[in-house]
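Coordinates in review
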Amino acid sequence: MTLERFLYFGSDEIAVPTLEALAEREQVLAVLTQPDRPSGRKRKLTPCPVKARALELGLQVLDPEKVGEVSEQLQDLQPDLAVVFAYGQYMPRSIFELPRHGSINLHPSLLPKYRGASPIQSALLDGLEESGISILKVSAKMDAGDLLLQRRVSMGEEDDGVRMRQRFASLGAELILEALEGLREERLSFVPQDEAEATECGKLSKEDGLLDWKRSAESLRHQVRGCQPWPGTWFELENGERIKVFRVRIEAATAKAGTLLELKGDGPLIATGEGALRLLELQPPGKSRMDGRSFMNGYGRLLPEMLP
RNA sequence: CGCUGGGUAGAGCAGUCAGGUAGCUCGUCGGUCUCAUAAUCCGAAAUGCGUCGGUUCGAAUCCGACCCCAGCCA
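Not measured: the values here are computed from a predicted model.

On inspection of all chains with the given rule, the structure shows 28 salt bridges. In this structure, R53 engages E56 in a salt bridge whose closest nitrogen and oxygen atoms are separated by 2.7 Å. Note that R53 and E56 are positioned in helix α2 (residues 49-56) at a spacing of three residues, about one turn of the helix. By relative accessible area, R53 is classed as partly exposed at 25%. As a salt-bridge pair, R151 and E174 come within 3.6 Å of each other at their nearest N and O atoms. Here R151, found in strand β10 (residues 147-154), pairs with E174, found in helix α6 (residues 161-184); they are 23 residues apart in sequence, far enough to count as distant. The class of E174 is partly exposed, set by a relative accessible area of 46%. Each of R249, E251, E262, D266, R278 and R293 takes part in one network of salt bridges that share partners.

Moving on, we come to the side chain of S109. Locating S109 in the fold gives a position in the loop between β7 (103-107) and β8 (115-116). At a separation of 2.6 Å, a polar atom in the side chain of S109 contacts the main-chain carbonyl oxygen of K113. Residues in contact with S109, not counting those within four places in the same chain, are Y114, P119, S131, G132, I133 and S134.

Before going further, it helps to spend a moment on the protein's contact with RNA strand B. Around RNA strand B sit 16 residues, and of these R41, R43, W230, K287 and S294 come closest. Counting only the atoms of RNA strand B within 4 Å of the protein, the fraction contributed by sugar and phosphate is 43%. Here a sugar or linking oxygen of RNA strand B and a side-chain polar atom of Q283 are 3.3 Å apart. Sort the elements by how many residues they give to the surface near RNA strand B and helix α8 (residues 292-299) lands first, with four residues. For the surface near RNA strand B, a count of residues per class yields three nonpolar, six polar and seven charged.

A few words now on the domain arrangement of chain A. Domain annotation of chain A identifies domain 1 (5-201) and domain 2 (206-306). Taken over C-alpha atoms, the centre of domain 1 sits 35 Å from the centre of domain 2. The partner domain 2 presents nine residues to the twelve residues of domain 1 that form the contact. Between domain 1 and domain 2, roughly 930 Å² of surface is buried when both sides are summed, and carbon and sulfur atoms account for 52% of that area. On the domain 1 side of the contact with domain 2, Q121, L125 and E157 bury the most area, a combined 43% of that side's loss. Summed over the shared surface of domain 1 and domain 2, the result is one salt bridge. One salt bridge in this structure joins R221 and E157, with 2.6 Å as the shortest N-O distance. Where domain 1 touches domain 2, the interface holds five residue pairs in polar contact (both at pLDDT 80 or more).

Conventions used here
- Residues numbered from 1 in each chain as written.
- Chains lettered and ligands numbered in written order.
- Predicted model: local features only at pLDDT ≥ 70, side-chain atom pairs only at ≥ 80, totals over all residues.
- Heavy atoms only, no water.
- Salt bridge = Lys/Arg side-chain N within 4 Å of Asp/Glu carboxyl O.
- Helix = DSSP H or I, 4+ residues; strand = E, 2+ residues; numbered from the N terminus.
- Buried < 20%, exposed > 50% of the residue type's maximum accessible area, 1.4 Å probe, protein only.
- Polar contact = N/O pair within 3.5 Å; in protein donor to acceptor, adjacent residues only side chain to side chain.
- Contact = heavy atoms within 4.5 Å.
- Near = heavy atom within 4 Å.
- Nonpolar A, V, L, I, M, F, W, Y, C, P; charged D, E, K, R; others polar.
- Domains from an automatic or database assignment.
- Buried area = accessible area lost by both parts, 1.4 Å probe.

So this is what it looks like as C-alpha cells:
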C-alpha cells in the first residue's frame, strides 16, 4: 500500500505527540483542528493545542467550523490517508472517505469497550486496572470501525485521568508509526469489532465530580482518579464553597457517612458509606492545590463545623 | 477591558471594615520527660505583611497604579 500524503485531524492536547511523530517522518499536507475558542482567564480566543503546535511546525492549518466547508481544498491535496485523534468534530462520510485509503482513528480504550466521548475517565471510574489504545478505521458509526492495532496498558493506584492521558498521548505517537509501517508492508489488516462486546460512554458532566460520602470509599476513589482533569472532584461546605479533592487513600473505619473522623496525619479522614477516605491533596476555592497536612493547618479548626 | 476570590515567617491561615508597629496551627532548632518516640512539656530562631507611589506623627491595615496566583467557562 502506498502511503505518502497525509492529513491530520486533531485538536486536543492528547493528540499533539502523535502529530509530532507523524510530521517528523511523513508528509503532512494539512492539519485540521477546531477553530479558536474563548478560553482561559481573559476569555480570549485561544488556538487549541494541536493548532498551536502545527503552526510551530510550519504545517498548513485548516480550522473550519464544519469540516464540510473545506472538502474541496482537501480533495485538491490528494491525500492517501487521514489520521484522526481527538478532533472533536463530527466527520461526514464525504470527508473520512476522501483520502485514497480512507481514514484511521486513534481511540484511548480497548475497543469495542468504551466507545464514545470519555473512554479514559470512564474506564477509571469503573475501577478498571487495565485499558489501552486502539487504532481503527473511521466509519459512519462512532468508534465502531474495523480494528487495526491495539496496545494494552495497565492502570495502577497512582494513575489518574491526567497521567493516563499523558501515557496515551505518547503511546499514540508510537503506535501510529507502527500502524503505518504495518499497512505499508501489508502485515496488518483491519478486523471487525465484536459488536456483542461493545459498550458506550457519554460525556461527563460537571455534576459527575460531586463526592457523595454515602457511596463506598472505593467507588469514591475511582471517582477522584477518573474525573481528572475534568470535571475534577469536590465536596461542598455548608456555606456552599467547594473544596476540590485530587488524591485520597482508603482506610478502614466505620461511622456515619460524611463524619469527620480525624484531623491529623496525612490529611482529614472522612467516613463514607463503606470504609473511610483520607484526603491527601485538596484545593480550597481561590487557593492552589495543597497536601492534606497543609490543608489542616489552615482549615482544620474550621472544618468540623463547616462539613454539612 | 467577561465574572469572582487571593498574595502576611519554611507550609497553611487569622488580622485589613473602626490605621499605632504582627498572631495562630504545623514544621525547624535547643532542651525536658521516657527504655524509646513522630507522643508530652518548656524555650528559641526566622518574617516585616506581592511591587511601586501617595495620604498620615504613624499603614499589613486608607487611596492609586502595576505584577502574580486560583476558580468559573467545555
